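Each chain, written out:
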Amino acid sequence: MAIATAAPPIDVVRTADGTPLKARLRQTERVRNTAAFGLILPLLAFTLVFFFFPIFSMLVQSFENKEIPANFPRAIVALKSWGGQGLPGEDAYAALAYDLKHGYDNKTVPRAAVRLNYEIAQFRSMVLASARKAANLQTGPYKEAMIGIDARWGEREYWAVLKRNSSTVTDHYFLNALDLERNVDQEIVKKAEDRRIYISVLFRTFWISLFVTILCLLLGYPVAYLLATQPARISNLLMIFVLLPFWTSLLVRTVAWVVLLQQQGLLNDLMIALGLIKERVLLVFNRPGLLIAMTHVLLPFMILPIYSVMKGIDPQYMRAAKSLGASPALAFATIYIPLTFPGIGAGVLLVFILAIGYYITPELVGGGGDQMISHFIAIYTSELVNWGQGSALAVILLAAVLALYAIYARFFKLSQI
Amino acid sequence: MPKESDSIVQFIKVQKSYDGETFAVKSLDLEMHRGEFLTLLGPSGSGKTTCLLMLAGFEMATHGEIILNGQSINNVPAHKRNIGMVFQNYALFPHKTVEGNIAYPLMCRRVPKQEIKERVKKALEMVRLAGYENRLPRQLSGGQQQRVAIARALVFNPQLVLMDEPLGALDRQLREQMQYEIRRLHENLGVSVVYVTHDQGESLIMSDRIAVLNLGIIEQLASPTELYDKPENAFVAQFIGENNKYIGEVVSVNGGACQVRLPNGDMVQALAVNIGPVGSKTTLSMRPESIVITPTDGRCQNVYESKVLELIFHGDHLRARLKVCGNEEFIVKVPKKALGAQSLAVGATVRVGWTVEDCRALDAPAA
Ligand SMILES: Nc1ncnc2c1ncn2[C@@H]1O[C@H](COP(=O)(O)OP(=O)(O)OP(=O)(O)O)[C@@H](O)[C@H]1O
Ligand SMILES: [Mg+2]
């Protein structure tokens, strides 16, 4: 605009040696920033290599689909023109025979076969056998020949699997993680009732974590209050008891719970001796045992953030509330507890997030029906070597954690004091 | 003596010890009138806050009785005493808005919602903060926070309000403004106020009466003028206002006056306020503004030669530091008018004098 351009030229302020002041300032700042950056460089490199890169590759593997396109390049091209109704034409069968033969020679068939088996049981053996036999095929017509090798090549279902995997990305793992699949017509449908697993595992993980979090809050809040209000001599001693578990390995603590809770264990002995129960009860390898052990293990993570917030609350506020006519109980409920919300939020978030990813404790103390999502991630990655499925479950876990954090950040931005 | 119904608070031989070894409050007897603005004044650690906390119900008296409205409140918990309190650091609830803070005491008393709204509005108008209802305390300046704290302590119409150094954290200008506003509120509402400060200037401006505390006892309880003009003991004379001080020995006593010998041998005629028998030590105290330069008419019984050591011009008056009777820190305040034609010069010798009434012989300093 005219007015803006009419502004008088500003003299550049210069240092004594004539460099413009601004440039000089930037220069000094750059030196300082570089030095600061140098300090965090090792850690940055460490997290990049060992944290962000694995997470990134996990993300990629959860939807990556290399094996099938690598082994069936021609069949995939040929299937492009197939509408999905009826059986594909002769050209598709010819391409299939070629791909199987070629893959057999290049030894890429087994990997593709394993991948195909995730979609339909028995697909693996079918492909392996077909590849072996297709290697001897010399001339067409291939349609009859292939159906002759295995009658299942005459079924639409198997072709539909090949077609839906013609791309290098797949939603198979995520659908599977949510108990969904694609049917012959490529529509997303719920799995048969007896094949649904993960939704109930996700809910179980959520409920166990929620229950443990609530237990930790109920048990931890009074302890934190005691720690924050007792004279230093007593609170230091109490603090040692709170921190003691941190000085013992998680594995040792968990195994100790097994010893304590088992049918012939100390707790049963005690309850029998006190006459509380007549029959010995199993407290381990089931839900109650899992909840007890997880609550114990996670309790410090609830106590410490709440304690640190309570420590910073000026006792003057409670006095002010009382002087204004609030009974001690009312003052506690309307002033003290709201002032500890940031600590409660941090503790709840921490415990819940740790709980939904818990592995060792449920593995050792829980029963078959108490396994949480991390158990399945572990099975997929280390036993079944189905990394795609393990990654998809892990991504869902990560997404849940991030969502929780977002809610927390949203909620506590307002009440941050 | 005020009648029973005229007194709102009484401390009867109250003692307080925190550690079982020393007294924070040694022995406190005090009677406060209804509607009075009473200030507890004293140096740090003299027990002012302790007195206030006992009255508010946050500390138990170790011994003695505290009476509110004719009834002993030793066993009444803080929240049932109906006493408003303003804390030094305001203690506004950080998670509640201005409105929420002021509504809090009304909420505790189960006042209906609509009435709460009206009373909060009125209280905010009273402290000139209308329109700030929805701010959080941290969005207010120090002075605004303090006014909210005052509104909160007054909104439930307590008969008694306690203020513990409420202006300590404010800058000077704001402090003066708030002093005036607190005074105004006190006059308009007729509420009784116990005010704690260690600023003697503030206490003189604001109070109906001042209790000067030192080491857990009341040194003197009197109105500001009386406290300033007629201090009862050396501590009060020293603590309030400026003061020229000599330590001497009582030579003779006749009626209300006495003769005191100063360390350099000079004899001084003084008013016998608070002295021991002949031969005992005494502290002489006189205000810098009551000293007369070159007294003429024989009005002053005490006249001495002095030497001018320093002159400081203060606009409306002149402060001169003199050497009088061996004391080199002797301060004289001379109004500009009174100086007239004669002028003082550093190094000059002048005669100074003071009357018997202006020279108070007080107790001896603690050994
Ligand atoms: N909670 C406490 N525990 C132990 N001693 C205390 C406690 N509070 C105060 N005292 C002691 O009691 C004495 C009086 O303290 P008090 O707080 O009443 O002084 P104050 O006149 O309010 O001083 P200030 O002007 O510094 O606020 C002091 O010697 C102090 O050390
Ligand atoms: Mg104090």
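Residues numbered from 1 in each chain as written. Chains lettered and ligands numbered in written order. Predicted model: local features only at pLDDT ≥ 70, side-chain atom pairs only at ≥ 80, totals over all residues. Heavy atoms only, no water.

Asker: Which residues make up the overall build of chain A, and what are the values?
Answerer: A count of helices and strands for chain A gives 21 helices and two strands. Expected size for 417 residues packed as a compact globule is a radius of gyration near 22 Å; at 32 Å, chain A overshoots this value by more than 25%. The principal-axis extents of the C-alpha atoms in chain A amount to approximately 95 × 95 × 40 Å. The buried share among the 417 residues of chain A stands at 38%. Within chain A, counting contacts between residues at least 6 apart in sequence, those at least 24 apart form 68% of the total. Carbon and sulfur atoms provide 68% of the accessible area of chain A, an area that totals close to 23500 Å². Here chain A holds 37 positive side-chain charges and 27 negative ones, and the gap between their average locations is 10 Å. (Helix = DSSP H or I, 4+ residues; strand = E, 2+ residues; numbered from the N terminus. Rg over C-alpha atoms; globule rule 2.2 N^0.38 Å. Buried < 20%, exposed > 50% of the residue type's maximum accessible area, 1.4 Å probe, protein only. Contact = heavy atoms within 4.5 Å. Areas by Shrake-Rupley, 256 points an atom, 1.4 Å probe, with all protein chains shown as cover. Lys, Arg positive; Asp, Glu negative; His and termini not counted. Charge placed at Lys NZ, Arg CZ, Asp CG, Glu CD.)

Asker: Quick one: what's the story with the packing of helix α13 (residues 250-261) of chain A against helix α15 (residues 287-311) of chain A, residue by residue and with numbers?
Answerer: All names here are of chain A. One can describe the packing of α13 onto α15 by two numbers: an axis separation of 10 Å at closest approach and a directional angle of 140°. Comparing the axis directions of α13 and α15 gives the class oblique. Taken as a pair, α13 and α15 cross one another with a handedness that is right-handed. Each of Leu 250, Arg 253, Trp 257 and Leu 261 in α13 lies in contact with α15, whose residues at this interface are Gly 289, Ile 292, Ala 293, His 296 and Val 297. Here the contact of α13 with α15 is composed, by residue class, of six nonpolar, two polar and one charged. (Axes fitted to C-alpha atoms, helices over the stretch in contact; angles between N-to-C directions. Parallel < 35°, antiparallel > 145°, perpendicular 65-115°, else oblique. Left-handed = near helix turned anticlockwise from the far one by under 90°. Nonpolar A, V, L, I, M, F, W, Y, C, P; charged D, E, K, R; others polar.)

Asker: Outline the sheet that holds strand β14 (residues 281-286) of chain B, listing residues and values.
Answerer: Residues and elements named next belong to chain B. Sheet architecture is closed into a barrel: five strands sit in the order β11-β12-β13-β20-β14, paired in mixed fashion. Ignoring strand direction, the axes of neighbouring strands in this sheet form an average angle of 55°. Bridge count between β14 and strand β20 (residues 360-362): three bridges; the pairing is antiparallel. Across the sheet, residue Thr 283 finds its bridge partner in β20, namely Leu 362. (Pairing = 2+ DSSP bridges.)

Asker: With reference to specific residues and values, describe the side chain of Arg 209 of chain B.
Answerer: All names here are of chain B. In this structure, Arg 209 sits in strand β9 (residues 209-214). Take Arg 209: its relative accessible area is 18%, and that puts it in the buried class. Within the structure, the side chain of Arg 209 is placed 2.7 Å from the backbone oxygen of Glu 31, a separation counted as a polar contact. At 2.4 Å, the side chain of Arg 209 and the side chain of Glu 36 are in polar contact. Setting aside chain neighbours within four positions, we find Arg 209 in contact with Glu 31, Met 32, His 33, Glu 36, Phe 37, Leu 38, Thr 39, Leu 221, Ala 222, Ser 223 and Pro 224. (Polar contact = N/O pair within 3.5 Å; in protein donor to acceptor, adjacent residues only side chain to side chain.)

Asker: Can you break down the interface of chain B and chain A residue by residue, with the values?
Answerer: In this assembly, 24 residues from chain B lie in contact with 22 residues from chain A. Note on chain B versus chain A: buried area summed over both sides is about 1900 Å², and carbon and sulfur give 67% of it. Among the residues chain B hides against chain A, the three largest losses belong to His 79, His 95 and Tyr 104 of chain B. Together they make up 28% of the total. Applying the counting criterion to the chain B and chain A interface returns one salt bridge. One salt bridge in this structure joins Glu 59 of chain B and Arg 319 of chain A, with 3.8 Å as the shortest N-O distance. Seen at the junction of chain B and chain A, the total is four residue pairs in polar contact (both at pLDDT 80 or more). Put simply, the parts of the chain that give the side of chain B that touches chain A at least two residues each are β6 (83-86), α2 (98-108) and α4 (142-154) of chain B. Its residues assigned to classes, the side of chain B that touches chain A comprises 16 nonpolar, three polar and five charged. (Buried area = accessible area lost by both parts, 1.4 Å probe. Salt bridge = Lys/Arg side-chain N within 4 Å of Asp/Glu carboxyl O.)

Function-wise, these values are silent; they only describe arrangement.
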